[in-house]
Amino acid sequence: MTTQEIHAKLQAKFGDKIGPLSEGVDPWCLVETTSIADVCRHLATESEFDMTSLMCLSSTDDKTNLGVVYNLCSMTHKHKVTLKVTLPDRDNARVPTVSIIWGTADWHEREAYDMMGIVFEG
């Protein structure tokens, strides 16, 4: 499945909680912060996606907003998708954890907390 097809299916399921797909070599889409765990759980558990691998979770700082980037992959289907969330409140940067979905996220989330102060709730 292409990134464009994955994006279209996510928009059909989650509506305006999924932003437009970026252009370029490695496209990504913005996800409403409070919905990121639900979107990730859907991608990990639905057989058509089977995104059982969190390749990377990274924190970002564009000097205006903090953010988190999620690089997901399906080893079964050989497709991938990149999701991003934006955290405009730098002093109270909070996002739901995805460590319940992928255990490896725990280490990535701890690093984002240590480096940027982002709190991963749950």
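One structure accompanies this document, and this report is about it. Remember, predicted model here, so these are calculated numbers, not experimental data.

Calculation notes
- Residues numbered from 1 in each chain as written.
- Predicted model: local features only at pLDDT ≥ 70, side-chain atom pairs only at ≥ 80, totals over all residues.
- Heavy atoms only, no water.
- Helix = DSSP H or I, 4+ residues; strand = E, 2+ residues; numbered from the N terminus.
- Phe/Tyr/Trp six-rings, centres within 6.5 Å; stacked < 30°, edge-to-face > 60°.
- Lys NZ or Arg CZ within 6 Å of the ring centre and 35° of its normal.
- Buried < 20%, exposed > 50% of the residue type's maximum accessible area, 1.4 Å probe, protein only.
- Contact = heavy atoms within 4.5 Å.
- Expected span 1.5 Å × (residues − 1).
- Arc of directions from axis to C-beta.

Turning to the environment of Asp 114, a few remarks are in order. Mapped onto the elements of the fold, Asp 114 is located in helix α3 (residues 105–116). Asp 114 sits 103 residues away from Gln 11 along the chain, and the two C-alpha atoms are 33 Å apart.

Turning our eyes to something else, we now look at the packing of aromatic side chains. One pass over the full model with this rule turns up 0 aromatic pairs. In this structure, Lys 13 packs its charged tip against the face of Phe 14, placed 5.9 Å from the ring centre. The ring of Trp 107 is capped by Arg 110, whose NZ or CZ atom sits 6.0 Å from the centre of that ring.

Helical geometry note: an α-helix holds 3.6 residues per turn, so side chains three or four residues apart project in the same direction. Counted residue by residue, helix α2 (residues 36–45) has 7 buried out of 10 residues, so it is predominantly covered. Those residues of α2 that sit buried are Ile 36, Ala 37, Val 39, Cys 40, His 42, Leu 43 and Ala 44. Those residues of α2 that are buried lie in contact with α1 (3–14), β1 (18–21), β2 (29–31), β4 (66–74), β5 (79–87) and β6 (94–96).

This part covers α3. If you check α3, its first and last C-alpha atoms are 16 Å apart, about what 12 residues at 1.5 Å a residue would give, namely 16 Å. Those residues of α3 not exposed but buried are Ala 105, His 108, Glu 109 and Ala 112. The buried side chains of α3 occupy one side of the element, clustering within an arc of 95° when seen end-on. Within α3, the exposed residues directed more than 90 degrees away from the buried face are Trp 107 and Asp 114.

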